[in-house]
Amino acid sequence: MVSRVIPVDPFDLVIFGGTGDLAQRKILPALFRRFCAGQWPESARIIAAARSELSTDAFRKLVAESLRSYAPRRSGEVENLQGFLQRLDYVQLDALSTGGWDELAGKLTPDRVRAFYFSVGPSLFAPLAERIRAHALATKDTRIVVEKPFGHDLESARDLNATLAAHFYEGQIYRIDHYLGKETVQNLMAVRFGNMLFEPLWNSQYVDHIQITVAETVGVKGREDYYERAGAMRDMVQNHLMQLLCLIAMEPPAKFDPDAVRDEKLKVIRALDPVEPHHIVRGQFAAEADGSGYREVVGNPRSTTESYVALKAHISNWRWAGTPFYLRTGKQLVARSSVINVQFKDAPHSIFGEAAGRHANALSIRLQPNEGITLKVTIKEPGQGGMRLIDVPLDMSFAEALGPENQDPPDAYERLIMDVIRGNQTLFMRGDEVEAAWAWTDPIIAGWQARGDVPKPYDSGSTGPGDAELLMKRDGRHW
Ligand code: BG6
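Definitions and cut-offs
Throughout, residues of each chain are indexed from 1 in the direction in which the sequence is written. Selection of residues for local features in this predicted model requires a pLDDT of at least 70, selection of side-chain atom pairs for listing and counting requires 80 or more, and totals for whole chains, interfaces and linings are taken over all residues. Computation of side-chain values covers all heavy atoms of the structure but excludes hydrogens and water. Comment: elements are numbered from the N terminus, with helices defined as DSSP H or I runs of at least four residues and strands as E runs of at least two. Aromatic rings from Phe, Tyr and Trp, with only the six-membered ring used for Trp, were paired whenever their centres fell within 6.5 Å, and each pair was classed as stacked if the ring planes differed by under 30 degrees, edge-to-face if by over 60, and tilted otherwise. When accessible area is computed with a 1.4 Å probe and restricted to protein chains, residues below 20% of their type maximum are described as buried, those above 50% as exposed, and intermediate ones as partly exposed. Here a strand pair is declared whenever DSSP counts at least two bridges between the two strands. Whenever a helix is involved, its axis is fitted only over the stretch in contact; in every case the axis is a line through C-alpha atoms, and angles between N-to-C directions fall within 0 to 180 degrees. When we say a residue is near a molecule or strand, we mean one of its heavy atoms is within 4 Å of it. Whenever two N or O atoms come within 3.5 Å, that pair is a polar contact, provided that in protein one can donate a hydrogen and the other can accept it, and provided that, for residues adjacent in sequence, both atoms are side-chain atoms. Per-residue accessibility takes into account occlusion by the displayed protein chains alone, with areas from the Shrake-Rupley method and a 1.4 Å probe. For this classification, Asp, Glu, Lys and Arg are treated as charged, while Ala, Val, Leu, Ile, Met, Phe, Trp, Tyr, Cys and Pro are nonpolar and the rest, including Gly, are polar.

## Quick word on unusual backbone geometry
And step 1. The step from Lys-148 to Pro-149 runs through a cis peptide bond, and the omega angle for that step is 5 degrees.
And step 2. Within the secondary structure, Pro-149 is located in the loop between β5 (142-146) and α7 (154-165).
And step 3. Following Gln-368, the chain continues into Pro-369 via a peptide bond in cis, with omega recorded as -15 degrees.
And step 4. Positive phi values are uncommon outside glycine, yet Gln-332 reaches one of about 55 degrees.
And step 5. For Gln-332, the position within the fold is in the loop between β10 (325-330) and β11 (337-346).

What follows is the structure in structure tokens.
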């Protein structure tokens, strides 16, 4: 079962910020891998634009180096590497002045898909959008791609949306949340809506609660300034965890098309209750023996930025009233693990009596690593007199189930960039979705500020602050 590669139409992709970290680490390696997979037509071109004075040759050398680090398996294949580099061009350009724009215009091909990737800070979104218009670079087949952070709060997100809307219509704006590009995240929709088995039970009558965990071992080195201003709530919860919550909780869309899916996600966000202050735990990783606690890393001994959040959320609609959703995410934890647990209720009546104990099914969807699904089922404990029950896993690893030829699925950026070229917005956030997510997170952050809340310290390499365990324990549950 090898995935089919469907070639995309000819395109020109302009990457503003083409020499920057995101372009070199994620965008160009993703494009290279799709090139190797044969998904590009012959004539497709990438034009990097940045402020540095570089020749196209020097830019190609820079990219070759990056590919060796970030797409190592392929970059040894001389033919592919040279073929890819030949399709790269470079323009020295200043987003804030007129320099370089005519040269860029001269490199674009008429009558083909044209994508402008804003791989730059949000303060440059407006000047770039204006100049693309002013130089008449936007055709009917033009799309723009923007990355998070999409705003810092509701107000700034609204401003950004308004700025982009002044130059492009919503169908041209591709807001990336790279979690939506992950195969296993898309699989949440396949599991829910491709099987008869789960959907009838997917509601508060049968589901006791749902847990969404995105645990990371990485810290914040190299992005101290950004992270100190963002914290886990803005960096992870407002976007990635919110998207996972939407996919798990939404009503079945009538079809898998951009607005049908995004309408349903938006309804979930809008149905979220405000979070009670005692339903949130904030944490910050503390200094280890080598002195690398959060505050030391960011160089702010009084920092109150959280590197960990756990919270209990409620969705007030017919499907979910009464079923809490527990979300948690943190940096520098003991293991990298993103998993969603759907905990079903106990059977309404046990025919086996007290001695059999209480048992309930649970569905675990592992997003990364070791992608797969485990269903906890209850069976008879063998060899015992009477009827005693035990729980055993019905375990499925995608790697084993899909076979060796599918061990290396396209990464999130590969899928998302090709969707931009194809003009498919299903896996991108719509402007109203982003605003609704901020409308839910803003009061939480404002509450912390008003109360002068200080995050609870937790040990690096642990599972997070003890209070996160208490959040569950108080409800008679555990992570
Ligand atoms: C990014 C966050 O959006 O996602 C990072 O800014 C985080 O802080 C990263 O580490 C996690 O992505 P992934 O794909 O490694 O789970």
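## Some thoughts on the packing of aromatic side chains
Both the distance between ring centres and the angle between the ring planes are used here to describe each pair of aromatic rings.
And step 1. Scanning the model with the defined rule gives 18 aromatic pairs in all.
And step 2. Ring geometry for Phe-16 versus Phe-116: centroids 5.9 Å apart, planes at 10 degrees, classification stacked. Linking Phe-16 in strand β1 (residues 11-16) with Phe-116 in strand β4 (residues 113-118), this pair joins segments that are 100 residues apart in sequence. In this pair, the class of Phe-16 matches that of Phe-116, namely buried.
And step 3. Considering the side-chain rings of Tyr-326 and Trp-479, the 6.1 Å spacing of their centres and the 80 degrees angle between planes classify their relative orientation as edge-to-face. Of this pair, Tyr-326 sits in strand β10 while Trp-479 sits in the segment after α15 (466-473), and the two are 153 residues apart along the sequence.
And step 4. Given the relative accessible area of 16%, Trp-479 is considered buried.

## A closer look at the sheet that holds β1
And step 1. Within the open sheet, the six strands sit side by side as β3-β2-β1-β4-β5-β6. Their pairing is parallel. Edge positions in the sheet fall to β3 (88-92) and β6 (173-175), since each of these pairs with one other strand and no more. Averaged over all pairs of adjacent strands, the angle between their axes in this sheet comes to 20 degrees, without regard to strand direction.
And step 2. In this sheet, β5 lies alongside β4 in parallel orientation, the contact comprising five bridges.

## Things to note about the site of the ligand
And step 1. By nearness alone, every residue bordering the ligand is listed as Lys-148, His-178, Tyr-179, Lys-182, Glu-216, Arg-223, Asp-235, Met-236, His-240, Lys-331 and Gln-368.
And step 2. Measuring from an oxygen atom of the ligand, one finds a side-chain N or O atom of Tyr-179 at 2.5 Å.
And step 3. In isolation the ligand exposes 400 Å². Once the protein is present, 80% of that is buried.
And step 4. At three residues, the largest contribution of residues to the shell around the ligand is made by helix α9 (residues 224-249).
And step 5. Taken together, the residues that form the shell around the ligand break down as two nonpolar, three polar and six charged.

Just distances and angles here, no functional claims.
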